[in-house]
Amino acid sequence: MDGGSPAKSWLKKSRTDFFSILLDRSRRTEFFTATAPSFQRFPFYPSTPLGIILCVDNTTLETLEYGPVLKELAGFTITPPGRERAEGLRPLSAIPSIEGAFKEYSEVDGFVKASGRLPLGGVSDIRGLIAKLGPEGAYLLPEELILIRNNLCASLQLKSLLNPSFSRSYPLLSSKIGSISIQKPLHSELVRIIDDKGEIRDNASSGLYRIRKELKGNKERARSIIEDISTDKKVKELLQEDIITIRDDRYVLSIKAGMHTGFSGVIHGRSGSGATYFIEPLELVELNNRVTVLKKEERAEEIEVLKEAARRVSGQKDLLLSDQETIGSLDCVQAKALFAKVLDAKVPVIKKDGEVSLKKARHPLLILKEIRGSQKVVPIDIVIPDGCMVLVISGANTGGKTVALKTLGLLTLMALSGIPIPVEENSEIVAFSSIFSDIGDRQDIIASLSTFSAHIKRIREFLSLAGQGSLVLIDEIGAGTDPSEGGALALAALDTFKEAGAVTVITTHLNLLKAHAQTDPAYLNVSVEFDESTLKPLYALHYGLPGASLGLSIALSLGIPPELIGRARKNISEKEGAFIESIRLLEEEKEEVKRLRERLAALEKRREETVAKLREKREVIVERAKAKIESIVIKAKDDIRKRVEKLREENLKVPSALAGRLNAEVDDAGARVIEKLVPKAERYAPYAGDKVTMAGSNSKGVVLSVDNEGRKAELMVGNIKVWVAWDKLKKRVGGDSKRPYSGVSVNAEVEAASSINIIGMRVEEAIPLITKFLDNAHANGLQTVEIIHGIGTGRLARAVEEYLKKNDLVKDFRHGDPMRGGGGVTVAELK
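Note that the structure is predicted; figures quoted are calculated from it, not measured. (Residues numbered from 1 in each chain as written. Predicted model: local features only at pLDDT ≥ 70, side-chain atom pairs only at ≥ 80, totals over all residues. Heavy atoms only, no water.)

**Student:** Explain the overall build of the chain to me, please; I cannot follow it from the model alone.
**Tutor:** Tallying secondary structure elements over the chain gives 23 helices and 26 strands in all. Per-residue burial for the chain yields a buried fraction of 45% across its 831 residues. At a minimum sequence separation of 6, the contacts of the chain that also span at least 24 residues come to 66%. Put simply, the chain shows about 43100 Å² of open surface, and 53% of that area lies on carbon and sulfur atoms. (Helix = DSSP H or I, 4+ residues; strand = E, 2+ residues; numbered from the N terminus. Buried < 20%, exposed > 50% of the residue type's maximum accessible area, 1.4 Å probe, protein only. Contact = heavy atoms within 4.5 Å. Areas by Shrake-Rupley, 256 points an atom, 1.4 Å probe, with all protein chains shown as cover.)

Here is the structure:
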């Protein structure tokens, strides 16, 4: 495998630029290497070091169907270089290389989704054309130059994408496009000399222009002369047809046989019937001779033009070939993006080791079959837990065991090749250093290989090559011979793979392997789910339990007589029968657990829905009760305020402390009632910086500080600071809190503000606010308040002082302390 990772001990002599595939054909064992666009075949020798080995069957290039998938991928390319690049994709071994391939894919995928396809139309493989330019004096035909011109056009269109915005959005794509050479002069030259029909233009050279101009003039004169001759009455009697004919690039007349001797001219041929002679009039001979000479000169000049164009192309050949490789690479990556869209494929997480997790994995070829009208693909979850060395997949025939094995191997190869795979997000792939696959029947009569012999031959090769970092995939291990001996041999091989550090995934019907997997922690049983009542596969994997083969049940469904099936069951040995019965019981228990889980899930869903409805109803009831209590509290406080005012109007002395105490008692009574309505866990505990609203009003504010002991918060509501009980606050959407407070809340009503900020207001705006502020403060028994007006021009401060002098509630006022704002704050003492 390429990718730059250190070679294993058995890879020391291998080339890092080729991908080897081990094959078993009908006559001999061979392997292929992708050192060229097409696979080269040569005999395989066991001592030959291999980069990555894949054992394949007789009907496909690879048992893991990697080749067919690449051909499907290549179908999404639009250029021959891109198609070749796609079909030549090979797994990478270095994780940075794989991640780099996926990053490049992600950028191209993003571009395709945002802007459509890259401008790659018309690109051809020009390597053969460039190779023709080796000998001195060689040149390309006009239609061949058009192919080169089309490549240059695509290069220029790609370069036109580059701008600062494009480079920021697609840095890798921008870098690759930036590596394409600038060939505008060559492109302009080819456009100048060749038109879109592949003809050399008249102005391709001054000599060609002169020759064609004279040639055109001579042809027009010759046609004029022959038209004059053909309209002569005497000549008309000799004509077989009243048309002008061209023979050997010379104008001639069709003269009747037998009358041709009476017409002066040069005979250029006779019709097939012999009834017509084609004669060039003597008046045109000299002119036609000149045309012939000019034609030869024209051809010679055209060749010179083509040679000059070839010299220009040859001078840029290395860059042109490099640009073609870049364009092919871009087309291949774009094909991945288009292919991924069809498969709904994702980029997996690539890891050095650990768990393999393919969530909702689907085989690409099955997806394509579904798109073309076949049955729907059922996704499967393929998991090899960290520490698991052997995965044993068992279950009924036609249950999907082999498909699961192929899907694991194929998706691993695709991911390591930088191709997105049809799985869910966050699926994980391990970057295995080598993959060994033995899938399918390799019976070979000519090579005298039975199914078992061919199978053992593969395992022997795997045992000699697989090691740390290898993935071994074996279908029906130990099959084709006595089950007890096949099982024993298979178990010994699996233990050997485990000891060598290879991860092995197998399918089997052998009970010995299923039983061992239940006791060895390095093994894991996986069963393919099968509906025994309908005898149809469910195409799902169940981890932790072996699967029954159900061979007798399937045979019965396929028409084998029931009495024969009954005799067959009696022939099963006691131990074998006990094991099969234990699997059957496990399957029944598994189904029972599944039914119980489904029932539990349904009950849990109903419980959650019922609880949600109850909570919703309770919240409505609680909110209504809270609103009613708050209304009663507000009315009681309003009654207290009015009563105090009335008593004062009657000149009765009412202590401010008494009014405050009465308000506090009302608050406390309301809070105690509300506290019993609201569960402690649901009460909101504010934190500085929270954005909140106050219950019973539309007022919004920001929490400045929190009194945890008093269970109240200081808010900034507009220009006013107020203290509010926690249960009167609701957190607004977007009101982030640094951390929740875990205490139990005790409710209190909104307390009167002790300060008001009127900085920046006009006098007519500020005075009404101050009036309301002082009324609230006095009604709530406050002794001292602050009016923050700032210094500025002093106009607002003077207006505040004049107002306070006239206010009956104000006992005295003064400037604030220097630490509290000095002249920018007026402190008022209330009566």
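**Student:** Explain the pairing of strand 13 (residues 434–438) here, please?
**Tutor:** Successive side chains on a regular strand alternate, one facing one side of the sheet and the next facing the other. Burial of strand 13 is extensive: five of the five residues sit out of reach of the surface. Here strand 13 shows no split at all, with Ser-434, Phe-436 and Asp-438 on one side and Ile-435 and Ser-437 on the other all buried.

**Student:** What exactly am I supposed to notice about the sheet that holds strand 4 (residues 239–247) here?
**Tutor:** Where strands meet in a sheet, backbone hydrogen bonds hold them as pairs that are either parallel or antiparallel. If you walk across this open sheet you meet the four strands as 4-5-7-6, and the pairing is antiparallel. Looking at which strands have only one partner, the edges of the open sheet turn out to be strand 4 and strand 6 (265–270). Neighbour-to-neighbour, the strand axes of this sheet turn through a mean angle of 35 degrees, independent of strand direction. The pairing of strand 5 (residues 250–256) with strand 7 (residues 276–281) spans four bridges and is antiparallel. Within the sheet, the bridge partner assigned to Ser-254 lies in strand 7 and is Phe-278. Contacting strand 4, strand 5 and strand 7, helix 9 (residues 206–230) crosses the sheet at an angle of about 15 degrees to strand 5. (Pairing = 2+ DSSP bridges. Axes fitted to C-alpha atoms, helices over the stretch in contact; angles between N-to-C directions.)

**Student:** Honestly, the pattern of salt bridges in this entry has me stumped. Any pointers?
**Tutor:** Side-chain pairs of opposite charge can arise where the charged atoms are in close proximity. Inspection of every chain in the model, using the stated rule, returns 30 salt bridges. The closest approach of N and O atoms between Glu-189 and Arg-192, which form a salt bridge, is 2.9 Å. Of this pair, Glu-189 and Arg-192 both sit in helix 8 (residues 184–193), separated by three residues, roughly a single helical turn. The exposure class of Glu-189 is buried, given its relative accessible area of 14%. Owing to a relative accessible area of 33%, Arg-192 belongs among the partly exposed residues under this scheme. Across the pair Arg-814 and Glu-829 runs a salt bridge, and its minimum N-O distance is 3.0 Å. (Salt bridge = Lys/Arg side-chain N within 4 Å of Asp/Glu carboxyl O.)

**Student:** What exactly am I supposed to notice about the side chain of Asn-288 here?
**Tutor:** Residue placement: Asn-288 occurs in helix 11 (residues 282–315). By relative accessible area, Asn-288 is classed as buried at 1%. Among the polar contacts made by the side chain of Asn-288, one reaches the side chain of Glu-280 at a distance of 2.6 Å. Excluding residues that lie within four positions of it along the chain, Asn-288 makes contacts with Ala-222, Arg-250, Tyr-251 and Glu-280. (Polar contact = N/O pair within 3.5 Å; in protein donor to acceptor, adjacent residues only side chain to side chain.)

**Student:** Would you explain the packing of aromatic side chains in this entry?
**Tutor:** Under the criterion given, the structure shown has five aromatic pairs. For the ring pair Phe-111 and Phe-166, a centre distance of 5.9 Å and an interplane angle of 80 degrees mean the geometry is edge-to-face. Highlighted residues: Phe-111 in helix 3 (residues 95–115) and Phe-166 in helix 6 (residues 164–169), separated in sequence by 55 residues. Relative accessible area serves as the criterion here: at 5%, Phe-111 is assigned to the buried category. Here Phe-111 and Tyr-170 contribute two aromatic rings whose centre-to-centre distance is 5.7 Å and whose plane-to-plane angle is 80 degrees, an arrangement assigned as edge-to-face. With Phe-111 in helix 3 and Tyr-170 in the loop between helix 6 and helix 7 (171–178), this pair connects stretches of sequence that are 59 residues apart. One aromatic cluster is present, formed by Phe-111, Phe-166 and Tyr-170 through successive ring pairs. Here the guanidinium or amino end of Arg-247 rests over the ring plane of Phe-278, the centre of that ring lying 4.0 Å away. (Phe/Tyr/Trp six-rings, centres within 6.5 Å; stacked < 30°, edge-to-face > 60°. Lys NZ or Arg CZ within 6 Å of the ring centre and 35° of its normal.)

**Student:** Which parts of the structure should I look at to understand the packing of helix 2 (residues 80–87) against helix 12 (residues 317–343)?
**Tutor:** Two numbers describe a pair of packed helices, the interaxial angle and the distance between the axes. Where helix 2 meets helix 12, the axes come as close as 7 Å, and the angle between the chain directions of the two elements is 65 degrees. Considering only the axes of helix 2 and helix 12, their crossing is right-handed. Taking contact as the criterion, the partners of Pro-81, Gly-82, Arg-85 and Ala-86 in helix 2 are, on helix 12, Gln-324, Glu-325, Gly-328, Ser-329, Asp-331 and Cys-332. (Left-handed = near helix turned anticlockwise from the far one by under 90°.)

**Student:** Just checking my understanding: could you explain the environment of Glu-241 for this structure?
**Tutor:** The topology assignment puts Glu-241 in strand 4. Here Glu-241 falls in the partly exposed class, since its relative accessible area comes to 42%. Along the backbone, Glu-241 and Ile-255 are 14 residues apart, and their C-alpha atoms lie at a distance of 7.8 Å.

**Student:** Please explain helix 14 (residues 401–416) as it appears in this structure.
**Tutor:** In an α-helix there are 3.6 residues to a turn, and that puts residues three or four apart on one side. In this model, helix 14 (16 residues) spans 23 Å end to end at C-alpha, consistent with the 22 Å of a helix rising 1.5 Å per residue. With its phi angle positive at about 80 degrees, Gly-418 sits one or two positions after the end of helix 14. (Expected span 1.5 Å × (residues − 1).)

**Student:** Teacher, can you tell me more about the side chain of Asn-807 here?
**Tutor:** Topologically, Asn-807 is positioned in the loop between helix 23 (795–806) and strand 25 (810–815). Its relative accessible area of 13% is what places Asn-807 among the buried residues. There is a polar contact of 3.0 Å between the side chain of Asn-807 and the side chain of Tyr-803.

**Student:** Would you explain helix 17 (residues 511–519) in this entry?
**Tutor:** For helix 17, every residue scored as buried is listed here: Asn-511, Leu-513, Lys-514 and Ala-517. The arc that holds the buried residues of helix 17, viewed along the axis, is 165 degrees, so those residues lie on one side. (Arc of directions from axis to C-beta.)

**Student:** What is the right way to look at unusual backbone geometry in this model?
**Tutor:** What you tend to see is this: most non-glycine residues have negative phi, and most peptide bonds are trans. Although it is not a glycine, Asn-426 sits at a positive phi angle of roughly 65 degrees. Topologically, Asn-426 is positioned in the loop between helix 14 and strand 12 (428–430). Residues other than glycine seldom take positive phi values, yet Glu-476 does so here, at roughly 55 degrees. Residue Glu-476 is classed as partly exposed on the basis of its relative accessible area of 24%.

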